[in-house]
Amino acid sequence: MHNAATAAGRPPPRLLAVSKTQPTEAVAALAAQGQRAFGENYVQEAVAKIEALAPLGLEWHLIGHLQSNKAELAAQRFDWVQSVDRPKLVAALAAHRPDTLAPLNVLVQVNIDDEDSKHGCTPDAVPALAAAIAAEPRLCLRGLMAIPAPWPDAARRQQAFERMHGLFAGLAARYPQVDTLSMGMSSDYPEAIAHGATMVRVGTALFGARPSPNKDPS
Ligand SMILES: *Cc1c(COP(=O)(O)O)cnc(C)c1O
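Scoring rules and cut-offs
Residues numbered from 1 in each chain as written. Predicted model: local features only at pLDDT ≥ 70, side-chain atom pairs only at ≥ 80, totals over all residues. Heavy atoms only, no water. Buried < 20%, exposed > 50% of the residue type's maximum accessible area, 1.4 Å probe, protein only. Helix = DSSP H or I, 4+ residues; strand = E, 2+ residues; numbered from the N terminus. Pairing = 2+ DSSP bridges. Right-handed = clockwise from strand over helix to strand, strands pointing away. UniProt positions renumbered as here; feature names shortened; annotations may be inferred. Phe/Tyr/Trp six-rings, centres within 6.5 Å; stacked < 30°, edge-to-face > 60°. Lys NZ or Arg CZ within 6 Å of the ring centre and 35° of its normal. Near = heavy atom within 4 Å. Polar contact = N/O pair within 3.5 Å; in protein donor to acceptor, adjacent residues only side chain to side chain. Areas by Shrake-Rupley, 256 points an atom, 1.4 Å probe, with all protein chains shown as cover. Nonpolar A, V, L, I, M, F, W, Y, C, P; charged D, E, K, R; others polar.

Caption draft 1: Spotlight on the pairing of strand 5 (residues 104-110). Burial runs high along strand 5: seven of the seven residues are buried. Alternating residues of strand 5 divide into Leu-104, Val-106, Val-108 and Val-110 and Asn-105, Leu-107 and Gln-109, and every residue in both groups is buried. Bridging between strand 4 (residues 80-84) and strand 5 involves three bridges; their strand directions are parallel. Note on strand 5: the bridge partner recorded for Val-81 is Val-106. Traced from strand 4 through helix 5 (residues 87-96) to strand 5, the parallel crossover comes out right-handed. Looking at chain direction, strand 5 and strand 6 (residues 139-146) are connected through seven bridges and run parallel.

Rendered as structure tokens:
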């Protein structure tokens, strides 16, 4: 991460450790080395870890698809939700964020390569969704998240990262609180950093292969 950021002349991004399917002990071990922010895909699985590790004061990000019927629990337990991709979810998260907690940090997930297999809104839908989030006092619009397609062709991968960076720059110019462009995983984080990612989401490269490889991350 440091090398990629230095080469690009950018500040180092934040590291989100993606701990889906990893046991609580693995999260605790990484936390003991100073890692604070962890990403989870499944609300129920995450809540068990959040409760078990509550004394450590970690920061929890939901990065998986969020069903509306899980929005209440997500709004109560997470610090960030990176997978907001429709107005209904904005309303549900805002309605259920407890007043006793800081506003929920929210990223708009963009399906930047228009893949059928991925969630996320279209690039065209970003302005309206961002405005809806910014209008909610119980939510804090922090930026954008994407999972670009792993095209074999590097130029095609770079185009997706660049389009995300353009969308992000437009949003940051409009909303002063927007500071986060979440993109890049184990296989492509150096490229994502080169194209302006301010947060990378890394699982396998930190923890090794996931215990249950059959589970689809989305
Ligand atoms: C699983 C996952 C990651 C991490 O993937 P790795 O290849 O293990 O680094 C990042 N982002 C999302 C949305 C994921 O589901």
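Caption draft 2: Broad picture of the UniProt feature "domain: Alanine racemase N-terminal" (unreviewed entry) in the chain. Summarizing the sequence annotation, UniProt attributes the feature "domain: Alanine racemase N-terminal" (unreviewed entry) to residues 5-211 in the numbering used throughout. The annotated region residues 5-211 carries 39% helix and 19% strand content, and the separation between its end C-alpha atoms amounts to 31 Å.

Caption draft 3: The arrangement of the packing of aromatic side chains in detail. Evaluated as defined, the whole model comprises one aromatic pair. The interplanar angle of 35 degrees and the centroid separation of 5.8 Å between the aromatic rings of Phe-38 and Trp-60 together place this pair among those described as tilted. Of the two residues, Phe-38 sits in strand 2 (residues 37-40) while Trp-60 sits in strand 3 (residues 59-62), which places them 22 residues apart along the sequence. The exposure class of Trp-60 is buried, given its relative accessible area of 3%. One Lys or Arg, Arg-156, reaches over the ring of Trp-151 and ends 3.5 Å from the middle of that ring.

Caption draft 4: Molecular detail of the site of the ligand. What surrounds the ligand is a group of 13 residues, the closest being Lys-20, Asn-41, Ser-186, Thr-204 and Arg-210. Separating an oxygen atom of the ligand from a side-chain N or O atom of Thr-204 is a distance of 2.6 Å. Arg-210 is positioned with one of its side-chain polar atoms (N or O) 2.7 Å from an oxygen atom of the ligand. When the ligand sits alone it has 390 Å² of accessible area, and the protein chains cover 93% of it. Taken together, the residues of the shell around the ligand break down into six nonpolar, four polar and three charged.

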